[in-house]
Amino acid sequence: MTAISGVIITKNEEDRIERAIQSLYFVDEIIVLDSQSTDETVVRARKLGATVFVEEWRGFVQQKNRALELATGPWIISIDADEWVSPQLAVQLPRILDNASHEAFRVPRKNWWGGKVVRFGCFGRDKPVRVFRKASATWAGREPHDSVSVRGSVGLLTASLHHAPYRNLAEHLQTIDRYSSLAARALWQEGKRGSVLHVVLRPCFYFIKDYFVFLGFLEGLRGLLLSLLGSLYVFLKWWKLRGKGCAVS
């Protein structure tokens, strides 16, 4: 059987880490790279058999690449603490990797919001690369939106990964504020600048795409709220970039 390493980065995830680790029961090792949690994350992860490293936070991309370095298996499944592997994926993955014809695989991700899976809008089209050959991939992207860069072909699995990114609406709004600042800072450092047109038009384009083109309206009131929240993120990112102050100082 092909050896698989499960990799998770954490920071104060005591209420979610157990579900994530337990869903990785089929892997050969579980690596948790913790960013100096002040709760019981590290204790709970170790009790469940994970190998835990505690290091300072470097940023999403660098942190995930560091966790990748710590893994020893030729194949990696990388999940966040707010994600968990479905039973179907746990069964499917080892079989596929034994005779893999690709260097990496996209995984359909079922995003939960408000206690239900979101089927439409951007949340319903999510298929990130989360399974890959260690020698053929690295984490890249612009903070805070990391992605896997693969040297070789990428396949698509049929079984799902589950994702519940927000505990409640308040956390969703806090994340929008924090991530929009990180994104604005990254754009500023790349030499990009915001304009009035960016601030006005980009949120509108996002809403049209999410709510109408990607059929977010089929989610009802919840779909409307998600489209508005996504537009708010886009607005704040470009507003902060234009204003410089809170995002890039």
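Our structure's up above, just so we're on the same page.
Residues numbered from 1 in each chain as written. Predicted model: local features only at pLDDT ≥ 70, side-chain atom pairs only at ≥ 80, totals over all residues. Heavy atoms only, no water.

Student: Looking at this model, I keep getting lost on the nonpolar core. Mind explaining?
Tutor: The tendency in soluble globular proteins is for nonpolar side chains to be buried side by side. Ranked by size, the top nonpolar core spans 29 residues in total, and within it Ile8, Leu24, Ile77, Val85 and Val131 carry the most contacts. Sequence-distant contacts of Ile77, that is, excluding residues within four places in its chain, are made with Ile4, Ser5, Gly6, Val7, Leu24, Phe26, Val27, Val85, Leu93, Arg130 and Val131. (Core = buried A, V, L, I, M, F, W, Y, C linked by side-chain atoms within 4.5 Å. Buried < 20%, exposed > 50% of the residue type's maximum accessible area, 1.4 Å probe, protein only. Contact = heavy atoms within 4.5 Å.)

Student: Would you mind showing me how to read empty space enclosed by the protein here?
Tutor: Where empty space is left in the structure can be found by rolling a water-sized probe over the atoms. Inspection of every chain in the model, using the stated rule, returns one cavity of 30 Å³ or more. The calculated volume of the largest cavity comes to roughly 50 Å³. Of all the secondary-structure elements, those providing two or more residues to the lining of the largest cavity are strand S1 (4-10), helix H3 (60-70) and strand S4 (75-78). (1 Å grid on protein atoms, 1.4 Å probe; cavity = no way out; pocket = protein on both sides within 12 Å on 5 of 7 lines; lining within 4 Å. Points joined across faces, edges and corners; volume = space filled by probe spheres on them. Helix = DSSP H or I, 4+ residues; strand = E, 2+ residues; numbered from the N terminus.)

Student: Please explain the pattern of salt bridges as it appears in this structure.
Tutor: Two side chains of opposite charge can pair, provided their charged atoms sit close to one another. Going through the model one piece at a time under the given rule, you end up with 19 salt bridges. Note that Glu69 is salt-bridged to Arg66, the shortest N-O span being 3.1 Å. Here Arg66 and Glu69 lie together in helix H3, a separation of three residues that amounts to about one turn. Given a relative accessible area of 24%, Arg66 falls into the partly exposed group. Each of Lys64, Asp80, Glu83, Arg109, Asp126, Arg130 and Asp146 takes part in a single network of salt bridges with overlapping partners. (Salt bridge = Lys/Arg side-chain N within 4 Å of Asp/Glu carboxyl O.)

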